[in-house]
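Structural features, examined
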2 protein chains.
Amino acid sequence: MEDRILMAHGAGGRLSHELVVHLINCLSTACRNNLDDASVVPGAERLAFTTDSFVVTPLFFPGGDVGRLAVCGTVNDLAMSGATALYLSLSLIIEEGLPLVELTRVATSIREAALEARVYIVTGDTKVVPHGAADKLFINTAGLGTVPEGINISGAFARPGDAIILSGSIGDHGTAVMAQREGLRFSGDLSSDCAPLNNLVAAMMTVCPNIHTLRDPTRGGLATTLNEIAHQSNVNIVIEESAVPINPPVQAMCSLLGLDPFYVANEGKLVAFVPEEKAGEVVAAMRHERYGAQAEIIGAVNAQPATRVTLRTPLGTTRVLPMLAGDLLPRIC
Amino acid sequence: MEDRILMAHGAGGRLSHELVVHLINCLSTACRNNLDDASVVPGAERLAFTTDSFVVTPLFFPGGDVGRLAVCGTVNDLAMSGATALYLSLSLIIEEGLPLVELTRVATSIREAALEARVYIVTGDTKVVPHGAADKLFINTAGLGTVPEGINISGAFARPGDAIILSGSIGDHGTAVMAQREGLRFSGDLSSDCAPLNNLVAAMMTVCPNIHTLRDPTRGGLATTLNEIAHQSNVNIVIEESAVPINPPVQAMCSLLGLDPFYVANEGKLVAFVPEEKAGEVVAAMRHERYGAQAEIIGAVNAQPATRVTLRTPLGTTRVLPMLAGDLLPRIC
């Protein structure tokens, strides 16, 4: 590993993975982690437990803000484990001098997102650091949920023959934040997709309790998420490029900045691996939900070549879609 | 409220309280919080859930570091609700450029503290922000535990007639961090008391399941914690000043800097409110434990004057011990 932390260690790609593995090795026997977004722990009920810190800049962007992000990100991590999200913790690290009006606006947005997702904030903490020791506001949320009987979802459970479903267009969140940050003119056309996906997942589980894998492609984008699943499940993933929706302003912004939308973060999308024979029914159920209206089958799982993600282009050629290596868009979540 | 966040909003005293109340008001119906350190939520089992972020500077100090603090602080918040601490989440906000050797040292310290407290880290997150956007390393831990049948502990449950027990000397953590930060000569004599108190609490609950209130006096010190309890329980608290142990180097450091040790943070001490007839037995059980060897009865609870904390000095006079108003020692946890 590098001997100093680089921005790329936070970008969600290969260096992030190396950092996490290093930390897990340091924690050794004190750590139990399967690298899924939420950890399911035993008890009288099976509980799902997850955490995320949010350091997005700017705090406010089209389609959301750091508060909405902090609720949705953690609710979605719970939902991706098949859990019913119930409770959130909320911890704020505030830079001295932050205008109260901005803090109030963020807290109000947290309330609205929590009510939409039907979760309660039950515990919290605030810390204040001197001017210059943090950038405005960092938020941590941890989430607690219960996993229904018979539900077993993990990044390690994708199987050859599975159909791969995507809930909607990719790249909206990362491009919206980037455009807002850089003050780009056409930022008005871009809007973050930041949304709680727990109701969508509940609708999917109703028609297919046997979902194998669910993941929300945040940092590192769809390409990185698919690579993580290909590795965890030791399978080959084939994606039809033309089946993946990309909104025209997102495509334009990516072309301008030389970004690949497959690597740009989403905050209100999910990818699901389900038995092929259930795929049509799952897609139909998703399309009835607000955040699943654009759902599509985008690919399938093969046994070989294991751990690889292959993209089939509209021209019929194929290319390997690797994990994000460097630092694409810092501080988008 | 002030229209900008001040350092005093993070100091654990009156302004911190105002900030928390403001945030809870903003969160409104999305929030369920009793102002205890951990929230006990219903389920098949009663679960305790808590969160804390740690922004201490410097990262390493005599007796501990930010990693040990992050484990002990959250384990202790769970223990103060009477819960058996089981699982932690771990979220790191890392400043670009942090030497890997420092991160590794912190992670190793987290491992050792977790093993000592017998808790597992089951989920985590890492974010990296550019140089200058955070100060080296901030850590959030959230904690999950189960509350045994029949245990009901809260800051609101202190009752007239209760005896008040303190587990040991006060002011050690805050003075050790301050001395290290300022490079004071006699810092070698000071050492943080940072420790996991869950085994101590388990021993106390064995002899007295009917503990009314438990609290670890961290930010704002013993005085602020006692004021919080006096308000939550609507009682008068009387403390015998001479019964409260203060180590001589702590007393010297406080005299030099004009600090009152009653307002200086602790990270390995607890204050317990128990029925008077059980107090002797609880103290005896505590003294058998590593972190309770200095346990003493330091005071008692009266009905009136409600919400007030009174200190009886060795001279026989009394004075009111108010809540911390301003900003004593920033970033000690």
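Residues numbered from 1 in each chain as written. Chains lettered and ligands numbered in written order. Predicted model: local features only at pLDDT ≥ 70, side-chain atom pairs only at ≥ 80, totals over all residues. Heavy atoms only, no water.

1. Notes on the interface of chain A and chain B
Facing 82 residues of chain A, the contacting portion of chain B comprises 82 residues. Both sides together, the interface formed by chain A and chain B hides about 6,900 Å², and carbon and sulfur atoms give 67% of it. The tally of links from chain A across to chain B stands at four salt bridges. Here Arg219(B) and Asp125(A) are joined by a salt bridge, their closest N and O atoms 3.2 Å apart. Connecting chain A to chain B are 30 residue pairs in polar contact (both at pLDDT 80 or more). Listed by contribution, the elements that provide at least two residues to the side of chain A that touches chain B are helix 1 (14-27), strand 1 (39-41), strand 2 (47-54), strand 5 (84-95), helix 3 (100-117), strand 6 (120-129) and strand 7 (137-146) of chain A. Per-class residue counts for the side of chain A that touches chain B are 45 nonpolar, 22 polar and 15 charged. (Contact = heavy atoms within 4.5 Å. Buried area = accessible area lost by both parts, 1.4 Å probe. Salt bridge = Lys/Arg side-chain N within 4 Å of Asp/Glu carboxyl O. Polar contact = N/O pair within 3.5 Å; in protein donor to acceptor, adjacent residues only side chain to side chain. Helix = DSSP H or I, 4+ residues; strand = E, 2+ residues; numbered from the N terminus. Nonpolar A, V, L, I, M, F, W, Y, C, P; charged D, E, K, R; others polar.)

2. Let's talk about the domain arrangement of chain A
All names here are of chain A. What the domain assignment reports for chain A is domain 1 (7-146) and domain 2 (162-320). Domain 1 and domain 2 are separated by 21 Å when their C-alpha centres are compared. At the interface, 29 residues of domain 1 touch 29 residues of domain 2. Both sides of the domain 1 and domain 2 interface together cover about 2,300 Å² of buried area, and 54% of this is carbon and sulfur. The three residues of domain 1 that bury the most area against domain 2 are Pro62, Asn76 and Met80, which together make up 25% of that side's buried surface. For the pair domain 1 and domain 2, the number of links is one salt bridge. Ionic pairing is found between Arg290 and Glu116, a salt bridge with its closest N-O pair at 3.8 Å. Counting the contacts that link domain 1 with domain 2 gives nine residue pairs in polar contact (both at pLDDT 80 or more). Every element with two or more residues in the side of domain 1 that touches domain 2 is listed here: strand 3 (60-61), helix 2 (66-80) and helix 3. (Domains from an automatic or database assignment.)

3. Here we look at unusual backbone geometry
In the segment running from Thr57(B) into Pro58(B), the intervening peptide bond is cis, with an omega of 0°. A positive phi is found at Arg118(B), a non-glycine position, where the angle reads about 55°.

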